[in-house]
Amino acid sequence: MATSRFLGYLESRKNIAGGVGGLVGLALTFTGVAGPYWPVVVAGLYGAGALIAPPERPALPDFPDPTAQLDELRGDFETLRGYLADVDLPPAAAGRLTELIELLTALLDPGWVTEVLAQDPEGMHALSRAVRQDIPEAVDTFVRTRWWTRLTPGTEPPERHLERQLTLLHDEAERLASTLREAESRRQESHTRYLEDRSKSTTQD
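Just so it is clear, the structure is predicted and the values come from calculations on it, not from any experiment. (Residues numbered from 1 in each chain as written. Predicted model: local features only at pLDDT ≥ 70, side-chain atom pairs only at ≥ 80, totals over all residues. Heavy atoms only, no water.)

(A) Region of the structure containing the overall build of the chain. Counting its regular elements, the chain contains eight helices and zero strands. Beginning at the N terminus, the succession of helices and strands in the chain can be written as α-α-α-α-α-α-α-α. Sorting the 205 residues of the chain into buried and exposed places 27% on the buried side. Of the contacts made within the chain by residues no fewer than 6 positions apart, 74% connect residues no fewer than 24 positions apart. (Helix = DSSP H or I, 4+ residues; strand = E, 2+ residues; numbered from the N terminus. Buried < 20%, exposed > 50% of the residue type's maximum accessible area, 1.4 Å probe, protein only. Contact = heavy atoms within 4.5 Å.)

Given below as structure tokens:
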């Protein structure tokens, strides 16, 4: 750790500026200007150079771009689909889950929606939460609760909760899809206005 810091300082702006100041001090020494106090002059000019040098600018963190995040989310979605294929659900819940998965598949399809979704952080967060948390948690809770229900008959069937949860998640995904469609529509309208304005400007010229 100390070695890396030392090597980093050697390459820093402060050391380079200080080195330039030190060279100036040596030049003054060789010309006889510094006299017998040349060590103080060299050290002083090195220190002055190091002090006036601009501070080091830390490198920006290398975060993945939105497209890479989408690719990662698609991989997690495929993992989720593999998990769901091994789960036995009641017909009604299975139907709601199928509808939800089909909608998420369309949203994650690497087509026109990718560019729009990549520029919508809230949409990305909602989609990621549904794939990585909400759906697997809803299904896993149902599977565990169903086992306990067999020991305590007469309680509310857990599949009703699962159906409601999947319905809510489907509604949320539909709202996201609607938001993306509206964003794409606004983008198209904006481009149309731009072309119209450019055409008018060209005609006037």
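The rest of the description comes next.
(B) Focus on the nonpolar core. Within the largest apolar cluster, 30 residues are counted, with the highest numbers of intra-cluster contacts made by Leu104, Leu107, Leu127 and Ile135. The set of elements that each furnish at least two residues to this core consists of α4 (66-85), α5 (91-108), α7 (121-151) and α8 (158-204). For this core, the leading source of residues is α5, giving eight residues. (Core = buried A, V, L, I, M, F, W, Y, C linked by side-chain atoms within 4.5 Å.)

(C) Representation of the pattern of salt bridges within the structure. This model, assessed by the stated rule, comprises seven salt bridges. Where aspartate 71 meets arginine 74, a salt bridge forms, and the shortest distance between an N and an O atom there is 2.7 Å. Placement of the pair is aspartate 71 and arginine 74 together in helix α4, with a separation of three residues, close to one helical turn. Here aspartate 76 ties to arginine 132 by a salt bridge, and the two come within 2.6 Å at their closest N and O atoms. Here aspartate 76 is found in helix α4, whereas its partner arginine 132 is found in helix α7, with 56 residues between them in sequence. Sharing partners across several salt bridges, the network here consists of Arg129, Asp134 and Glu172. (Salt bridge = Lys/Arg side-chain N within 4 Å of Asp/Glu carboxyl O.)

(D) Region of the structure containing the environment of glutamate 78. Considering the arrangement of structural elements, one finds glutamate 78 in helix α4. What makes glutamate 78 partly exposed here is its relative accessible area of 48%.

(E) How the structure looks around the side chain of arginine 74. On the basis of relative accessibility, which here comes to 16%, the residue arginine 74 falls in the buried class. Separated by 2.7 Å, the side chains of arginine 74 and aspartate 71 make a polar contact. (Polar contact = N/O pair within 3.5 Å; in protein donor to acceptor, adjacent residues only side chain to side chain.)

(F) Quick peek at the environment of leucine 100. Mapped onto the elements, leucine 100 comes out in helix α5. In this structure leucine 100 comes out as buried when scored by relative accessible area, which is 2%. The sequence separation of leucine 100 and glutamate 172 amounts to 72 residues, and the corresponding C-alpha distance is 9.9 Å. Residues in contact with leucine 100, not counting those within four places in the same chain, are Ile135, Leu166, Leu169, His170 and Ala173.

(G) Highlighting the environment of leucine 80. Its place among the elements puts leucine 80 in helix α4. On the accessibility criterion, leucine 80 (6% relative accessible area) is buried. Taking the C-alpha atoms as reference points, leucine 80 and isoleucine 135, 55 residues apart in sequence, are found 8.5 Å from one another. Those residues in contact with leucine 80 that lie beyond four places of it in its chain are Val131, Ile135 and Pro136.

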